[in-house]
Amino acid sequence: MGAISIESPIRRLRGELFDYAEMQRISALAREKGIGLHLDGARLFMASAFSGISPAGYASLFDTVYISLWKCFNAMNGAVLAGPAKVIDGLFHVRRMFGGALWSAWPFAAVARHYAEGFLDRYAPRRPRQRGFRPCVA
């Protein structure tokens, strides 16, 4: 097995949150076995707002993390893939092959930056069950 990918919140399950304790157990086992970990965190900031676990807390369990700029931050397009330089640096040509070019992405980043500031504070008072978010153990 080369990598384990976890999505949370889980879109196909109407936004259920992957259980954080289970995520920690999977992370520890994967690290013990030398298996890479990827978080499909397209809606990571929503998960953080509802769970009280910081985005950094979630990300610390994984080698790479994907965050959507349009699903939380109102950008028309765009995403962020974070991880160690040894993984990310080699993706320059792959990103361009699929149409990603930084010269055309700045408007998306500007909008996302505007809406990212204060996101957790704006969404934290809401309760998970009000928005369909509930813990899920996969």
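Residues numbered from 1 in each chain as written. Predicted model: local features only at pLDDT ≥ 70, side-chain atom pairs only at ≥ 80, totals over all residues. Heavy atoms only, no water.

### Re the pattern of salt bridges
No. 1: Applying the stated criterion across every chain yields a total of three salt bridges.
No. 2: Taking the shortest distance from any N to any O, the salt bridge between E7 and R12 comes out at 2.8 Å.
No. 3: Judged by its relative accessible area of 15%, E7 falls in the buried class.
No. 4: A salt bridge links R31 to D63; the nearest nitrogen and oxygen atoms lie 3.0 Å apart. With R31 in helix α1 (residues 20–33) and D63 in the loop between α3 (55–59) and β4 (64–68), the pair connects residues that are 32 residues apart, well separated along the chain. (Salt bridge = Lys/Arg side-chain N within 4 Å of Asp/Glu carboxyl O. Buried < 20%, exposed > 50% of the residue type's maximum accessible area, 1.4 Å probe, protein only. Helix = DSSP H or I, 4+ residues; strand = E, 2+ residues; numbered from the N terminus.)

### Considerations on the confidence of the model for the protein
No. 1: Averaged over the protein, the pLDDT score is 82; the fraction of residues at 70 or greater is 80%.
No. 2: The weakest mean pLDDT in the protein belongs to strand β6 (residues 135–136) at 44; the strongest belongs to α1 at 96.
No. 3: In this model residues 129–138 is a low-confidence stretch, pLDDT under 50, and it forms 28 contacts with partners more than four residues away in sequence or in other chains. (pLDDT = per-residue confidence, 0-100. Contact = heavy atoms within 4.5 Å.)

### Observations regarding the nonpolar core
No. 1: With 26 residues, the main nonpolar core has M23, L44, F45, Y58, F62 and F73 as its most contacted residues.
No. 2: Taken together, the elements giving at least two residues each to this core come down to β2 (17–18), α1, β3 (36–40), α2 (44–51) and β4.
No. 3: Contacts of F45, omitting those with residues within four sequence positions, involve P55, I67, C72, F73, F119 and L120. (Core = buried A, V, L, I, M, F, W, Y, C linked by side-chain atoms within 4.5 Å.)

### Side note on the packing of aromatic side chains
No. 1: Counted under the stated rule, the structure contains four aromatic pairs.
No. 2: When the centroid spacing of 5.1 Å and the interplanar angle of 70 degrees are considered together, the rings of F45 and F73 count as edge-to-face. Linking F45 in helix α2 with F73 in the loop between β4 and β5 (79–82), this pair joins segments that are 28 residues apart in sequence.
No. 3: Judged by its relative accessible area of 19%, F45 is buried. (Phe/Tyr/Trp six-rings, centres within 6.5 Å; stacked < 30°, edge-to-face > 60°.)

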